[in-house]
Structure formats: C-alpha cells, structure tokens
Amino acid sequence: MSHIKELNISPVGRVEGDLDVKVFMQDGVVTRAHTQAAMYRGFEKILVGKDPQAGLIVTPRACGICGGSHLYCASSALDVAWGTTLPPNALLLRAIGQATETIQSIPRWFYAIFATDLANKKFANKPLYQEVVKRFAAYVGTSFQKGVTASGRPVEVYALFGGQWPHSSYMVPGGVMCAPTLKDITRAHSIMNHFRNDWLETVWLGCSIERYLEIKSWDDMLAWVEENESQRNSDLGLFIRASLEFGLDKFGQGVGKYLAWGTYLHKDLYQKPTIEGRNPATISPSGFFDGKNYHEADQKQVREHVTHSWYENQDDSMHPFDQPAPSGSLNSTILENTDFNGKYSWAKAPRFMEYAAETGPLARVIMAANPANTSHQFQDPLFGDIMDKMGPSVFTRALARVHEAPRLYNMINKWLSEVNLDEAFYIKPEEKDGVGWGATEAARGALAHWIKIKDGVIENYQIIAPTTFNVGPNDSQGNSGPIEAALEGTEIEDPHDPVEVGLVARSFDSCLVCTVHAHDEKTGKELAKFKL
Amino acid sequence: MGKITIMGFGNPVREDDGVGIYVIEKLKEKIEHEDIEILDMGTAAFEVLFKLRGRERIILVDAVINTGEAVGTLYKLPASEINAHIQDDPLVFLHSLKWDQALSYAKKILQEDYPENIDVYLVAIDSTRFNTEMTQEAREGGDKLVDKILEDIDAKVLN
C-alpha cells in the first residue's frame, strides 16, 4: 500500500523573504508542490499618481540585494517613455553597475545559500562528504569565509560610481549621474583584481580565467576538472565532483522553458532607446527557449494569471500595461490552512507565450548558446551541450550561475577601459507622457518594469521580478510554476529534514521582496531599561 | 576618538520603517569628517559584515516595532544586549538577514577584528505601510536622535 504524506515547509531556509512550500508525497516522492509567497508586495501602488521619476527612488528600495537591477529597469523604462538619448559612457556605467551587482551575488549565493546544503547529513556516506564539510560548512568552512568576504568587493566598484550600494539612484533617464575620474577607474580595476586574486582564480577556479573560458562542451568541462590537481581541488572542481557523486544532476528539472530579457546594452547600439531596438542591442542576449527552439523575447508575450493569487481586481492573462495596481485587499492564509484549489500566494503567475518559464542564470547561458547570436553578443555553446547531454537539474542550474563569474569579470574590466572620461555621461531629456518598458537580468533572472505616464504623472507601474516568474503559483489552466514543477518527482529521504526541497528552491536563488526592516522587539519590557 | 561608522537601516517607502534612513540623511548634512563614515544601509544588512573591519566605533540606527511605547520613543543599547538567535543555525541564513544576525555572524568571521564598541539606537514605530512619507511622531523621534548622536560622537570633532 502506498504511503501518502503532506509536508508544510515554512520558511524554506535561506530563501529571501517568506517563501513557504507545501509538498504532497507518495512513497517518499513529491507528487505535487505548491509555493506560497507569504508577503504582499505593493510597491507599484505607491507609484501611481507620483512624479515619473519616483520609480528611480522607490523601486531600488524594493529589494536589499537587487536594488541596482531595479534602478537599471526604472531608468530604462523612462528612457523609452521620454525618448532620451544615451551617451556611450552612460550605457557602460550602467552595465558595470549591473554586472558588479550580479558577480557579487555569485560567491555569496554559492557559499552562504547553496553549498551549505551539501554539508547536510544526507550525504554523510559519500566519499567527498568530509572535504565538502571542511570547505563549505556554514561559517566554519575554510572556503565559506573567503567566498563571502570576496563577495563584498565588486559592489565597492558599484559604490564608486553609484555613490552607494545598495539603493543607489545614479542611473537616470538620459544617462548616469556621476562624473568619474581616472582615479575611480584605476581603483575599480584594482578592486576587481583583488576579487580575482583573493577568490576567483585562486579559490574558485584553480586556473586562469582565460583557461576556464576555453571550455566549450560538457566533455571539455570534465576534462578540465581532471586536468591537474589545482583545478580538481578548486572549489569549482570539488563542487562538480561532489554534485555528480551526490546526485544533484538527478532532480529539480522544472518546466523546461526559459526566458531571459538579456542585459548590458551595447554602448554604441542603444543610444536611442526603444522597446523594439533593445533585444539586438543586448550583450548578454535575450530570448525564450521552449526546449527545442529559440524565440524572440518580446515583452508583448507576457501575461499574468491570478486565479491562484490573492488579487481580485483583475482578470487572468492580462498584459502588465493593462493591469491595475495591486489591491492587496484580500486576506491571505497561512500554509497549513491554505486551500490550494483556490488562491494561495501573493505572487502572480507570469506566463510567456502562455507558458510557465524559468528565468535566471540557466536561462541566460542557454541564450548565450543560441547560434544566432551576433558578434557583440555572448557566444558560448557550453550550456547548449550540457542541456543536450544532461538536461536541467539542481546541478545544471547551480553550474550555470557560477559559470557566469569569469566572463562577467572580463566584461567589467573591458567596460571600465572603454569609459571615455572626456565625453558626456548624461544628456538632459525632455519629460513627456507616454509608455515605457525597461528590463535587465538581475542576478536571479529576468526583471522588467512597465510604466505609463499620463498628464505628467505615473498612471500605471508594473514590476515583474525574476522570482515572480520562478516562484509563481499555478495559472488558470492548472499548470505549475517553475519551482513547483521542479519539486515534482523529487525523492525526499527524510521528511523531518527535507533538504532536497531546499536544494531545488535554492538552485533558483528564489528571492521574494524584502520590504520592512524594523527591529522586532517582541518583549518591550526588556527594551524599557534602555529608553532615553 | 578613532574611526566611527554610523549605519542606518530601514525602508523609506514603508512609512516609519524609514526613520533610520531619515536620521542618516540628516547626519550627512551636518557631519563632514574624514574619520566618520555615515551609511544608508537600506535593507541590506548583510553588508554590515563588510563595514566593521578597521573601525573603532560603530553606531547603528534602526526602527523598532512592538515596544508598547509611543511612536518616536528612543532607545540606546549596546549591541551585546540584542540576541540574534541564529548563531549556529544555517537554516535561517537569509539573503537579507538583519543587522543583529549579521553582527553575530561578523563575530565569527572577524574574530579579533570585531569591533566591540557597538551601540544601537532604536526609534519606536508602529506603521510600516507602503508610504513614502513618515508620520510626524517618527520624524520628531528621528530629529531628537540626530541631536543625541551629534552629542554622542564628541561634537568637538565636527568643528
């Protein structure tokens, strides 16, 4: 007789904000999973009726770790709406901001969020377990501290140009508000060089960036691991060997469809920002991959469903431009009391061409493998091959994320060297009514802002964050969201410690919006003696 | 006096949650000194870790809810009074762990470089609605706190 069981997992540790997961299992295998975003996110609502530039201030505060990505979108959306002209320096400094935010996230995510699970007792009988614990155990692992410390460096570069990180507002319609000097550029090169010497080449790769970037196929990757002791014993070498030994390549497949808006608009190809002109101008290419074919990432193909989301003031399958501001008027329920046939999440269910689509580094590296990419775009066949040979999994997704670090490192240095200190960084635009769309690749995936400006104020503002795509609930047709789908079929060895669920969720680096920050003193009495 | 870092936390688009940032903005207008760093940390408390090394004195400013006191009430306490409850549990290791968690984490990483002289100023608040304006009470609390901090860090260095 089969054994049916339900698990309520709340919160899924180390996932930003409040993500709760309900899994239904039969004989130890997940048959159905539901993700619940437990926090109302209503940033759009406060933007309605405000000055068009309010998005530049408000949206970077939507998140403590993706503020730069929101700023990139907010300024781009206004560029389109106002028809600005962007000087090449502005596009370079925005790309540098976006790339430094993304590259800082890589070691931080790997050590602080993902790899500590490899030190879980589930893997204790595996030969590589002792080494994994020694290096990756939370706080005390020998690489844990090096990686987390290194992760603080790239955003120092962001702060050089942006004034601060996070929550900067240096990107504005028409360019960037900064006037860097040669000293800033030199300092930025030097900070990145520390990142390479302290972690990227020495701890992570065990070889030069150039050697690593020669890898073009899965066979190349396996050969690279075994090429010498330094690479084999690097953190990446250990991660690959341990992942295969621990079976991380065997679960967490997902929906098999991928969306990237792409990012890093080329300095010479996007001086006249338009929605139509954006895709060809991206350096990290955009696209939608349906498992067989590549399609254009046309924002018109986005719809959001709310059948299973706590919103009542809109219909299913509306385009962001047509949606009302979120009402936040319905009552939510906690996981244990939730009826999953009804509404069960504060996340909407975004769809592309009516498909649930995964966003994030895996989507990006799949787009980088598109044979149709042009000469200024990334051309990297590796993940085309890995998807053919192994398909998606927790391992594939994690490898995709860390694979981005060496390439981004090179790009940041290249862009820094292309800044022309004698040229303009900003061209003052003329404000006007209109519609705009701005997008980027946040560390966690495709992020976009839609804006409508009427009578000089914001009439409508919509944000779809990468995690909304990934963590969203079922749509009106009952199709699962990407993380829900990725959990189905997962074997859970110990229901008291469902580390497999955490590994799947964290392979997406799902991040719900961090909003409130107040210290919560649950016992006011203890605080009373410190009253001023 | 030594090198001082003042860090404010909060979200200015969540009504009174932004009082820590309000205080930071006011302090930035009033203080310009090479040994005093004034930082708007927003909601990225993880970054605390990277701001402690080499500093002799740390001042943190945040809002506090559930105190049972009037909005705008001020508190000053040593950071050691705040229990982070996360010390050895990696399962609560969030992207946006709060500063109290970040401090206990920083202790582990920095060891002897961890600055022991850390004070926390808190402003009692109630509302964290989606709103870019603070209440009058929270703003007044913030103004009072600006004065307190200016007294606190030895006004002489500011002249």
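This text goes with the structure placed above it.
Just so we're clear, the structure is a prediction, and the values are computed from it rather than from any experiment. (Residues numbered from 1 in each chain as written. Chains lettered and ligands numbered in written order. Predicted model: local features only at pLDDT ≥ 70, side-chain atom pairs only at ≥ 80, totals over all residues. Heavy atoms only, no water.)

## Points about the overall build of chain A
- Helix and strand counts for chain A stand at 20 helices and 16 strands.
- Relative to a compact globule of 532 residues, whose C-alpha radius of gyration would be 24 Å, chain A shows 23 Å and is just as compact.
- Oriented by its inertia axes, the alpha-carbon framework of chain A measures out at about 70 × 65 × 55 Å.
- Scored against the burial criterion, the 532 residues of chain A give a buried share of 64%.
- Sequence separation of at least 24 residues holds for 71% of the intrachain contacts in chain A that already meet a minimum separation of 6.
- Only carbon and sulfur atoms are counted for the fraction: they give 50% of the accessible area of chain A, which is about 18,100 Å². (Helix = DSSP H or I, 4+ residues; strand = E, 2+ residues; numbered from the N terminus. Rg over C-alpha atoms; globule rule 2.2 N^0.38 Å. Buried < 20%, exposed > 50% of the residue type's maximum accessible area, 1.4 Å probe, protein only. Contact = heavy atoms within 4.5 Å. Areas by Shrake-Rupley, 256 points an atom, 1.4 Å probe, with all protein chains shown as cover.)

## Let's talk about the nonpolar core
- Core analysis: the biggest nonpolar cluster contains 181 residues, and F110, F161, L236, F239 and L399 of chain A together with W99 of chain B have the highest contact counts within it.
- If you tally residues by element for this core, the top one is helix α4 (residues 88-114) of chain A, at 15 residues.
- Those residues in contact with F239 of chain A that lie beyond four places of it in its chain are F110, F114, L118, F395, A398, L399 and V402 of chain A.
- Counting residues in hydrophobic clusters, the runner-up holds 25 residues, among them I6, V23, I24 and I59 of chain B. (Core = buried A, V, L, I, M, F, W, Y, C linked by side-chain atoms within 4.5 Å.)

## Some remarks on the packing of helix α12 (residues 235-246) of chain A against helix α16 (residues 394-418) of chain A
All names here are of chain A.
- Look at α12 against α16: their axes get within 11 Å of each other, and the N-to-C directions meet at 170°. As judged from the angle between their axes, α12 and α16 are roughly antiparallel. The segment α12 lies against α16, with L236, F239, I240, S243 and L244 engaging F395, A398, L399 and V402. (Axes fitted to C-alpha atoms, helices over the stretch in contact; angles between N-to-C directions. Parallel < 35°, antiparallel > 145°, perpendicular 65-115°, else oblique.)

## Concerning the sheet that holds strand β15 (residues 457-464) of chain A
Residues and elements named next belong to chain A.
- The antiparallel open sheet is built from three strands, whose spatial order is β13-β14-β15. This sheet does not close on itself; its edge strands, each paired only once, are β13 (434-442) and β15. Direction aside, the axes of adjacent strands within the sheet are offset by 15° on average.
- The pairing of strand β14 (residues 445-454) with β15 spans seven bridges and is classified as antiparallel. The residue bridging K452 from the neighbouring strand is N460, located in β15.
- Taken strand by strand, helix α3 (residues 67-82) contacts β13, β14 and β15, and its axis lies near 150° from that of β13. (Pairing = 2+ DSSP bridges.)

## Here's the deal with the pattern of salt bridges
- Counted under the stated rule, the structure contains 35 salt bridges over all chains.
- Measuring nitrogen to oxygen at the nearest pair gives 2.7 Å for the salt bridge that ties R129 of chain B to E15 of chain B. With R129 of chain B in the loop between β5 (118-124) and α4 (136-152) and E15 of chain B in the loop between β1 (4-9) and α1 (19-30), this pair connects stretches of sequence that are 114 residues apart.
- Classification of R129 of chain B by relative accessible area gives exposed; the value is 53%.
- Taken together, the shared-partner salt bridges in this structure form one network comprising E131, K134, R135 and D235 of chain A. (Salt bridge = Lys/Arg side-chain N within 4 Å of Asp/Glu carboxyl O.)

## Observations regarding unusual backbone geometry
- Cis geometry marks the peptide bond from W165 of chain A to P166 of chain A; its omega dihedral reads 0°.
- Relative to the helices and strands, P166 of chain A resides in the loop between α7 (154-162) and β4 (171-172).
- Even without being a glycine, H167 of chain A presents a positive backbone phi close to 65°.
- With a phi close to 50°, Q111 of chain B is a non-glycine residue in the positive phi region.
- Counting through the fold element by element, Q111 of chain B comes out in the loop between α3 (99-110) and β5.

## A closer look at α7 of chain A
Residue and element names in this part refer to chain A.
- For α7, the complete set of buried residues consists of P154, V155, V157, Y158, F161 and G162. Looking straight down α7, one finds its buried side chains confined to an arc of 145°; they lie on one side.
- As for α7, its buried residues are in contact with α3, α4, α6 (142-150), β4, α8 (182-205) and α16.
- Where α7 terminates, the next one or two residues include G163, which has phi positive at roughly 90°. (Arc of directions from axis to C-beta.)

## A few points about the state of the cysteines
All names here are of chain A.
- Applying the stated criterion across every chain, the model contains zero disulfides over all chains.
- Cysteine C73 is unpaired, with the sulfur of C66 as its nearest cysteine sulfur at 10.0 Å.
- Assessed through its relative accessible area of 0%, C73 is described here as buried. (Disulfide = S-S within 2.5 Å.)

## Quick look at the packing of aromatic side chains
Residues and elements named next belong to chain A.
- Applying the stated rule across the entire model yields 29 aromatic pairs over all chains.
- Here the aromatic rings of F123 and F246 are separated by 4.5 Å at their centres, their planes lie at 10°, and the arrangement is stacked. One end of the pair, F123, is in the loop between α4 and α5 (129-136); the other, F246, is in helix α12, and 123 residues separate them in sequence.
- You can call F123 buried: its relative accessible area is 1%.
- For F246, a relative accessible area of 6% translates into the label buried.
- Judged by centre distance (4.8 Å) and plane angle (40°), the rings of F288 and F352 are tilted. (Phe/Tyr/Trp six-rings, centres within 6.5 Å; stacked < 30°, edge-to-face > 60°.)

## Description of the pairing of β15 of chain A
- Where burial is concerned, most of β15 of chain A is hidden: six out of the eight residues are buried.
- The antiparallel pairing of β14 of chain A with β15 of chain A creates a hairpin that spans two residues between the two strands, and D455 of chain A there sits at a positive phi of about 50°.

## Some thoughts on the sheet that holds strand β10 (residues 294-295) of chain A
All names here are of chain A.
- Strands sit in the order β6-β9-β10 across an open sheet of three strands; the sheet is antiparallel. Of all the strands in the sheet, the pair left with one neighbour each is β6 (258-260) and β10.
- The pairing of β6 with strand β9 (residues 287-289) spans three bridges and is antiparallel. Counterpart to A260 in the pairing with β9 is G287.
- Where helix α14 (residues 361-368) meets the sheet, its contacts fall on β6, β9 and β10, and the angle it forms with β6 comes to roughly 85°.

## Quick notes on the packing of α16 of chain A against helix α19 (residues 499-507) of chain A
All names here are of chain A.
- The geometry of α16 relative to α19 is characterised by a closest axis approach of 9 Å and an angle of 40° between their N-to-C directions. For the element pair α16 and α19, the recorded crossing hand is left-handed. Residue-level inspection shows V394, R397 and R401 of α16 in contact with α19, the latter providing L503, V504 and S507. (Left-handed = near helix turned anticlockwise from the far one by under 90°.)

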